[in-house]
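Summary of structural features
The lines below spell out each chain.
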Amino acid sequence: MPIGGASQEAWFRAVNHLARATPWLHTPARLFAQDGIVLFAALLLLSWWWARRSGDPRRVAAALWAPAGALVALGANQLLVAAFAEPRPFTVVPDALVLVSRSTDASFPSDHAVMAGAVAMGLALAHGRHALTWTGAGLAVLMAATRVYVGAHFPLDVVAGLLVGAAIALASYRLVRPVAVRLVEAVARTPVRVLVRG
């Protein structure tokens, strides 16, 4: 039984029924669910590029921490995954349509959603209400939705993943921010200042 009980199974079945009825969405959903991480990496690179052009050490520090924050969130999530040990949907719903390879690890919270939530928060910390932030948030929600659509997760897995990723990215940056900003300011006075100042 998934975390959240029968309601989670019912919601998963509803999304899975939608997937069966929309075969034209299978390929783009599968590609994004599996390889969408490349888009998040591109957003992080753009975030650094725009932050360094601003000349604001706080924005640069936040942009540089964003990928590290995502890695911290993924590492911490492994403890949650092991603690909850929730079975994957296709083991609970044997007749489910599954569009990706059947992972053997536990399902809650979703690693992909944790990554997406952490990156979205990292963009928000670096750029506030910038178009890049909204793009990251939209892609994070899309990643969460497609992970359910392809049969890899229950809905609660991805909702929790987004929240866990965002919370850990925010908390970790608040811890390192003073040191990170000072490091950026120090690098700005060296020959490799191009890394932190446009």
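Description of the structure in this document. (Residues numbered from 1 in each chain as written. Predicted model: local features only at pLDDT ≥ 70, side-chain atom pairs only at ≥ 80, totals over all residues. Heavy atoms only, no water.)

**Notes on the overall build of the protein**
The line we're drawing: The secondary structure listing takes helices from DSSP runs of H or I that are at least 4 residues long and strands from runs of E that are at least 2 residues long, numbered from the N terminus. Relative accessibility decides the category of a residue: with a 1.4 Å probe and only protein chains considered, values under 20% of the type maximum give buried, values over 50% give exposed, and everything between is partly exposed. Whether two residues are in contact is decided by their heavy atoms, any of which lying within 4.5 Å being enough. Surface accessibility in these figures is a Shrake-Rupley result with a 1.4 Å probe; residues are shielded only by whichever protein chains are displayed. Charge counting follows a simple rule: Lys and Arg are positive, Asp and Glu are negative, and His as well as the terminal groups are ignored. For the purpose of locating charges, the reference atoms are NZ of Lys, CZ of Arg, CG of Asp and CD of Glu.
For the protein, the count of helices and strands is eight helices and zero strands. Each helix and strand of the protein, placed in order from N terminus to C terminus, yields the pattern α-α-α-α-α-α-α-α. In terms of overall dimensions, the protein has C-alpha extents of about 60 × 35 × 25 Å along its principal axes. Across the 198 residues that make up the protein, the buried fraction comes to 45%. In the protein, the share of contacts with a sequence separation of at least 24, taken over all contacts with a separation of at least 6, comes to 79%. Carbon together with sulfur atoms contributes 70% to the accessible area of the protein, which is approximately 9,800 Å² in total. Charge centroids of the protein, computed over 17 positive and 9 negative side chains, lie 15 Å from each other.

**Looking at the packing of helix α6 (residues 111–127) against helix α7 (residues 131–149)**
To be explicit about the condition: Axes here refer to lines fitted to C-alpha atoms; in helices the fit is confined to the stretch in contact. Angles between the N-to-C directions go from 0 to 180 degrees. Angle categories: roughly parallel below 35 degrees, roughly antiparallel above 145, roughly perpendicular from 65 to 115, and oblique for all the rest.
For the pair α6 and α7, interaxial distance at closest approach is 8 Å and the crossing angle is 170°. The angle between the axes of α6 and α7 places the two elements in the roughly antiparallel class. Of α7, the residues touching α6 (which contributes H112, A116, G117, A120, L123, A124 and H127) are L132, T133, G136, A137, A140, M143 and R147.

**Some thoughts on the packing of aromatic side chains**
Let me state the cut-off plainly: Two rings from Phe, Tyr or Trp (for Trp, the six-membered ring) form a pair when their centres sit within 6.5 Å of each other. Planes less than 30 degrees apart are called stacked, planes more than 60 degrees apart edge-to-face, and all others tilted. In this analysis the charged atom, NZ for Lys or CZ for Arg, is taken to sit over a ring once it is within 6 Å of the ring centre and within 35 degrees of the ring normal.
One pass over the full model with this rule turns up three aromatic pairs. Sitting over the face of the ring of W49, R52 holds its NZ or CZ atom 4.6 Å from the ring centroid.

**Describing a nonpolar patch on the surface**
Our working definition: Each patch is built from residues that are more than 30% exposed by relative accessible area and take part in no salt bridge. Like charges join if they lie within 9 Å; nonpolar side chains (Val, Leu, Ile, Met, Phe, Trp, Tyr) join within 5 Å. The term salt bridge refers to a pairing of a side-chain nitrogen on Lys or Arg with a carboxyl oxygen on Asp or Glu at a separation within 4 Å.
A cluster of nonpolar residues, L46, W49 and W50, forms a patch on the protein surface that exposes about 270 Å² of accessible area. Within the element layout of this structure, W49 appears in helix α3 (residues 37–54). For W49, a relative accessible area of 40% translates into the label partly exposed.

**Description of the nonpolar core**
In plain terms, the rule: Nonpolar cores were defined as sets of buried Ala, Val, Leu, Ile, Met, Phe, Trp, Tyr and Cys residues, with membership established by side-chain atoms within 4.5 Å.
In this structure, F40, A116, V119 and V150 are the most contacted members of the largest nonpolar core, which totals 41 residues. Of all elements in the fold, only α1 (6–21), α2 (26–35), α3, α4 (57–84), α5 (89–92), α6, α7 and α8 (155–187) reach the threshold of two or more residues within this core. The element contributing the most residues to this core is α6, with eight residues. Each residue touching A116, except ones within four places of it in the same chain, is listed here: F40, A140, M143 and L162. In this structure, A62, A180, V181 and V184 belong to the second largest nonpolar core, which totals twelve residues.

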